[in-house]
Amino acid sequence: MKSYHANEKGYYGEFGGAFIPEMLYPNCEELRQNYLKIMAEPSFKEEFDQLLKDYVGRPTPLYFAERLSNKYGTKIYLKREDLCHTGAHKVNNTIGQILMAKRLGKNRIIAETGAGQHGVATATVCALMGIECVVYMGEIDIARQAPNVARMKMLGAEVRPALSGSRTLKDATNEAIRDWINNPVDTHYIIGSVVGPHPYPDMVARFQSVISEEIKWQLKEKEGRENPDYVVACVGGGSNAAGAYYHYLDEPEVGIIAVEAAGKGIDTGESAATSALGKVGIIHGSKTLLMQTPDGQITEPYSISAGLDYPGVGPMHAHLFTSKRGEFISITDDDAMQAGLELCKLEGIIPAIETSHALAIFDQKQFKKDDVVVINLSGRGDKDLQNFIDYFKL
Ligand SMILES: *Cc1c(COP(=O)(O)O)cnc(C)c1O
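Treat the numbers as computed from the prediction; the structure is a model and nothing was measured.

How each quantity is defined
- Residues numbered from 1 in each chain as written.
- Predicted model: local features only at pLDDT ≥ 70, side-chain atom pairs only at ≥ 80, totals over all residues.
- Heavy atoms only, no water.
- Helix = DSSP H or I, 4+ residues; strand = E, 2+ residues; numbered from the N terminus.
- Rg over C-alpha atoms; globule rule 2.2 N^0.38 Å.
- Buried < 20%, exposed > 50% of the residue type's maximum accessible area, 1.4 Å probe, protein only.
- Contact = heavy atoms within 4.5 Å.
- Core = buried A, V, L, I, M, F, W, Y, C linked by side-chain atoms within 4.5 Å.
- Domains from an automatic or database assignment.
- Near = heavy atom within 4 Å.
- Polar contact = N/O pair within 3.5 Å; in protein donor to acceptor, adjacent residues only side chain to side chain.
- Areas by Shrake-Rupley, 256 points an atom, 1.4 Å probe, with all protein chains shown as cover.
- Nonpolar A, V, L, I, M, F, W, Y, C, P; charged D, E, K, R; others polar.
- Axes fitted to C-alpha atoms, helices over the stretch in contact; angles between N-to-C directions.
- Parallel < 35°, antiparallel > 145°, perpendicular 65-115°, else oblique.
- Left-handed = near helix turned anticlockwise from the far one by under 90°.
- Pairing = 2+ DSSP bridges.
- Buried area = accessible area lost by both parts, 1.4 Å probe.

Here we come to the overall build of the chain. When helices and strands are tallied, the chain shows 16 helices and 14 strands. On C-alpha atoms alone, the chain measures out to a radius of gyration of 19 Å, which is about the 21 Å that the 2.2 N^0.38 rule sets for 394 residues. Along the longest, intermediate and shortest principal axes, the C-alpha atoms of the chain span 55 × 45 × 40 Å. Out of the 394 residues belonging to the chain, those deemed buried represent 58%. Within the chain, contacts between residues separated by at least 24 positions form 73% of all contacts whose residues are at least 6 apart in sequence.

Printed below as a string of structure tokens:
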């Protein structure tokens, strides 16, 4: 049977792999040789599950959104990742990777962050484990994301500014890679989404797969069946989506809907709609779809939501797009902001702006009355308050 999971070389169809400089080979190879073995150890599983339960607060509820459902004439469930400790799904992965790092004998963690959400999730688990943490962040992003910089510092992390290039995420990534090359023995690099060289996309997808594992039994309790008609998630790099789709990838009767950020519109030159605009290329060690100029220079993405502002997409999603297993929808800033506010008014839940994109699909996509539509509510909107204030002049 055709599978939409990664093969043992880390390929999803033609996408994925590990396109890395030779200097990085030993680091990735150590991880590749060990990650499945370690994840299969009963003691690893036990510790991971215990922390997800007692520290993260899992299982997160699967909530039937009655007023939202009535408005759109279909059955809408929200998977409440916004209720995870730190306010989003990212911590599922950082818990998994810190345990992985410990098993590999690493006593130092590095990460890169753009908006700061992954940096905060990483600093959080390093504090939990008493492990040294260095987060690379572009100098411009440090200025733009002051509250998250403060959070990381309070949690005991060192935030190192990336001073080269555009002084944003990609420059921070370059600095983190340089650090890892120089410290291959004691350091683990925690990547925050289903991106990067093999085995990261598959490893991160597995750590996030707890989302769809829970949806299955929760939906069985509520609807008498494990499979929804559709599962919907926003896609930046694609980790919350990968987690929500994971146990449904090879169940063809479950529709997969991926929502990307159209920014000011996909034809405006200011967007992050990678599937619509991307071409095959290599970014951060992975062959995937990415936004680039005709001569292969990476295009600067734009979205009102910092977490969707990535010029590539994980290889799983590139494959879901080109194979047509997934349906890809792009949502503008304006439509996302309205959908976010609508959820506040209809359900008393303030969503992250990333998540608000997924909530905005109902104007573009019609569902039947009996359809069960599960939307992954990837995060809460507290971090986005200033954006909401500025946009709606609150
Ligand atoms: C970081 C983030 C995203 C985007 O990242 P993915 O890897 O695509 O999931 C989406 N939602 C929230 C709340 C985030 O913090």
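Nonpolar side chains in soluble globular proteins tend to end up buried together. If you look at the biggest cluster of nonpolar residues, it comprises 83 residues, and the most contacted ones within it are Met100 and Tyr245. At six residues, helix H4 (residues 90-103) tops the list of elements feeding residues into this core. Of the domains in this structure, domain 1 (14-51 + 90-204) and domain 2 (59-87 + 209-392) are the two that each give at least three residues to this core. Residues Leu68, Ile76, Tyr230 and Val259 belong to the second largest nonpolar core, which totals 28 residues.

Moving on, we get to the site of the ligand. Inspection of the region around the ligand gives 16 residues, with Lys90, Ser193, Gly236, Gly238 and Ser239 positioned closest. At a separation of 3.0 Å, an oxygen atom of the ligand approaches a polar side-chain atom of His89. Contacts to the ligand include Ser239, whose side-chain N or O atom sits 2.7 Å from an oxygen atom. In the complex, 96% of the free accessible area of the ligand, which totals 390 Å², lies under the protein chains. Its residues assigned to classes, the shell around the ligand shows four nonpolar, 10 polar and two charged.

At their nearest, the axes of helix H5 (residues 117-129) and helix H7 (residues 146-154) sit 9 Å apart, and the two run at 10 degrees to each other. In terms of orientation, H5 and H7 fall into the roughly parallel class. When you trace H5 past H7, the crossing you get is left-handed. Seen from H5, the contacting residues are Gln117, Gly119, Val120 and Ala123; seen from H7, they are Asn148, Arg151 and Met152.

The residue Thr173 is located in helix H8 (residues 169-182) in this model. On the basis of relative accessible area, Thr173 is assigned to the buried category, the value being 4%. Ignoring any residue separated from it by four or fewer positions in sequence, one finds Thr173 in contact with Glu112, Tyr189 and His284.

Turning to its location among the elements, Val204 is positioned in helix H9 (residues 200-208). Residue classification places Val204 among the buried residues on the basis of a relative accessible area of 0%. Separated by 130 residues in the primary sequence, Val204 and Thr74 place their C-alpha atoms 32 Å from one another. Residues contacting Val204, with those up to four places away along its chain left out, are Asn93, Gln97, Ile191, Ser193, Val194 and Ser239.

Below, the discussion takes up the sheet that holds strand E6 (residues 132-138). Sheet strands line up and pair through hydrogen bonds in the backbone, either parallel or antiparallel. On the basis of which strands lie adjacent, the open sheet formed by four strands has the order E7-E6-E5-E8 and parallel pairing. Because the sheet does not close on itself, it has two edges, and the strands there are strand E7 (158-162) and strand E8 (187-189). Across the sheet, the axes of successive neighbouring strands diverge by a mean angle of 25 degrees, strand direction being ignored. Here strand E5 (residues 108-113) pairs with E8 via three bridges, running parallel. Note on E8: the bridge partner recorded for Arg108 is Thr187. Packed onto the sheet, H5 meets E5 and E6 and runs at close to 165 degrees relative to E5.

The linkage connecting Arg58 with the following residue, Pro59, adopts the cis geometry, with an omega of -5 degrees. Cis geometry is found at the peptide bond from His198 to Pro199, where omega equals 15 degrees. Position of Pro199 among the secondary structure elements: in the loop between E8 and H9. With a phi angle near 80 degrees, Thr86 is a residue other than glycine that sits in the positive phi range. With respect to the secondary-structure elements, Thr86 resides in the loop between strand E4 (75-79) and H4. One non-glycine residue with positive phi stands out, namely Lys324, at about 65 degrees. The residue Lys324 is located in the loop between helix H13 (315-322) and strand E13 (326-332) in this model. Assessed through its relative accessible area of 71%, Lys324 is described here as exposed.

The six strands are arranged E3-E4-E14-E9-E10-E13 in an open sheet whose pairing can be described as mixed. If you trace the sheet from one side to the other, it starts and ends with strand E3 (62-64) and E13, each paired once. Pairwise comparison of adjacent strand axes, ignoring direction, gives a mean angle of 25 degrees for this sheet. The sheet contact formed by strand E9 (residues 230-234) and strand E14 (residues 372-376) spans three bridges and is parallel. Within E14, the residue paired with Val231 across the bridge is Val374. Seen against the sheet, helix H10 (residues 210-223) touches E3, E4 and E14 and runs at an angle of roughly 140 degrees to E4.

One frequent convention defines the size of an interface as the accessible area lost when the parts assemble. Split into domains, the chain comes out as domain 1 (14-51 + 90-204) and domain 2 (59-87 + 209-392). On the domain 2 side, the residues contacting the 25 residues of domain 1 number 29 residues. Buried surface at the junction of domain 1 and domain 2, summed over both partners, amounts to about 2100 Å²; 64% is from carbon and sulfur atoms. Considering only the side of domain 1, the residues that lose the most area to domain 2 are Phe15, Phe19 and Val194, jointly responsible for 29% of the buried surface there.

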